[in-house]
Amino acid sequence: MKNIAVVGAGTMGNGIAHVFAQKGYSVSLIDINDASLQKGLATIAKNLDRQVAKGTITEADKEQALKNITPFTDLKAGVANADLVVEAATENLDLKLRIFADLCASTPEHTILASNTSSISITRIAAATRRPDRVIGMHFMNPVPIMKLVEIIRGYSTSDETTDKITELSKALDKIPVPCNDYPGFVSNRILMPMINEAIIALHEGVAGVEEIDSIMRLGMAHPMGPLQLADFIGLDVCLAILRVLHDGLGNPKYAPCPLLINMVTAGKLGVKSGEGFYDYSEGPKATKVSRMFAKK
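Computed from a prediction, not measured in an experiment: that's the story for all the values here. (Residues numbered from 1 in each chain as written. Predicted model: local features only at pLDDT ≥ 70, side-chain atom pairs only at ≥ 80, totals over all residues. Heavy atoms only, no water.)

**Details of the pattern of salt bridges**
What counts is decided by this rule: Every case where a carboxyl oxygen of Asp or Glu lies within 4 Å of a side-chain nitrogen of Lys or Arg is listed as a salt bridge. The buried label applies to any residue whose accessible area, calculated with a 1.4 Å probe on protein chains only, is under 20% of its type's maximum; exposed applies above 50%, and partly exposed to all values in between.
Across all of its chains, the model carries 14 salt bridges by this definition. A salt bridge links E91 to K96; the shortest N-O distance between them is 3.7 Å. Taking the shortest distance from any N to any O, the salt bridge between R134 and D133 comes out at 2.9 Å. R134 sits in the buried class, given a relative accessible area of 17%.

**Considerations on the UniProt feature "binding site: NAD(+)" (unreviewed entry) in the chain**
Condition: UniProt positions are given in the numbering used here, feature names are shortened, and annotations may be inferred rather than shown by experiment. Here a helix means four or more residues in a row that DSSP labels H or I, a strand means two or more in a row labelled E, and each is numbered from the N terminus. A contact between two residues is defined here by any heavy atoms of the two lying within 4.5 Å.
If you check UniProt for "binding site: NAD(+)" (unreviewed entry), the listed places come out as G8, A9, G10, T11, M12, G13, D31, E91, K96, S118, N142 and K273 in our numbering. By the element assignment, A9 lies in the loop between β1 (3-7) and α1 (11-22). Classification of A9 by relative accessible area gives buried; the value is 3%. Following the sequence through the fold, K96 ends up in helix α5 (residues 93-106). Residues within four places of K96 in sequence aside, it is in contact with E87, A89, T90, E91, S115, T117, I120 and I125.

**Describing the domain arrangement of the chain**
Defined as follows: Boundaries of every domain are those given by an automatic assignment or by a domain database. Polar contacts, as used here, are pairs of N or O atoms within 3.5 Å; protein pairs need one atom able to donate a hydrogen and one able to accept it. Residues neighboring in sequence count only if both atoms are side-chain atoms. Lys, Arg, Asp and Glu make up the charged group, whereas Ala, Val, Leu, Ile, Met, Phe, Trp, Tyr, Cys and Pro make up the nonpolar group; the residues left over, Gly among them, are polar.
Split into domains, the chain comes out as domain 1 (3-181) and domain 2 (189-291). Centre-to-centre, using C-alpha coordinates, domain 1 lies 26 Å away from domain 2. Each partner contributes residues to the interface: domain 1 has six residues there, and domain 2 has five residues. On inspection of domain 1 and its partner domain 2, the count reaches one residue pair in polar contact (both at pLDDT 80 or more). Broken down by class, the residue content of the side of domain 1 that touches domain 2 amounts to one nonpolar, four polar and one charged.

So, in C-alpha cells, the structure goes:
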C-alpha cells in the first residue's frame, strides 16, 4: 500500500495524515470544508516544526513530509487511486454510513476501507458497502504523532488478509497494533468513558472540585492527565457521543451520560476546541485555570 487517503482534516485526520506522510506514503487529505482543510495542513506543519525543534526529524524530513500530502475537497477525486482510505470524520453513524457508501462507489475494488471510529460498530459500517471483507477499524489515539497504540477492530466479515495487512501497516508506522472484537466502545473507550463519566458525576454531585478530582487521579493513580482535563482534550461532544453509543448498544444504565455533560455540550462548552470546558482555554490549550462555572466561590 503506497497511496493513502484520509477523510477528515480535524484533530485525528490531520494527525493520521501526518504519520503516513512522515513515513513516505503519498497522502490525500480530504475535507469538504476548505477552511478545515487549510487549518489541518497548518496544524501538520506546526507539529512537524515541533519535531524539528526537538531534533527528532530534520528540516528536509519536514519538507518531504509536507510534499507527500495533497489536499482535496472532492471525495471522489481524493480517493480515486487509494490503496487504503482511513475515515476520520465526526463520530456520527449516519454520516459514516454515507461516507462508506460513497467510498465503496469511488475507490478501486482492492482498496481497504478503514474507520478511525472510537466506538461505532465496524460491522454496521461495513454493511453500507459491497466489500465488508475489506472494511476494518483502525483506531488511532490522540495525539496521533505521539501515541503508539492503534486499536485494530475486526468486523463480522473482515477477512484475515485485511487484518494482516492493516496490522503490518500499523507496525510500518512505528505504531503498536492491538486487536479487539467489534463491541460498542471496543476496549479503549468501553473502559475510559465510564471513568470520565464517573468523574463528571462526582463533580456534579459535589464530591470534589475539578482540580481535586484531577489531582487525585494524577497523583494517586499515576494518570498523566486527570479525567476532566482529558475529557476537555477529547472534546465533551465526542465523550457524549461515545457514551450514547455505549448506552444504546449495551443497554446498561451504567453508561448513561451525566446530565452535567449533556448540559455542557448543549451550551457549547466542549473543552479545548471551544475554548472552555471544565477548564478555561482562552489563553491557549496548555492553560489549567478552572472554568468560571466550576471556580470556587
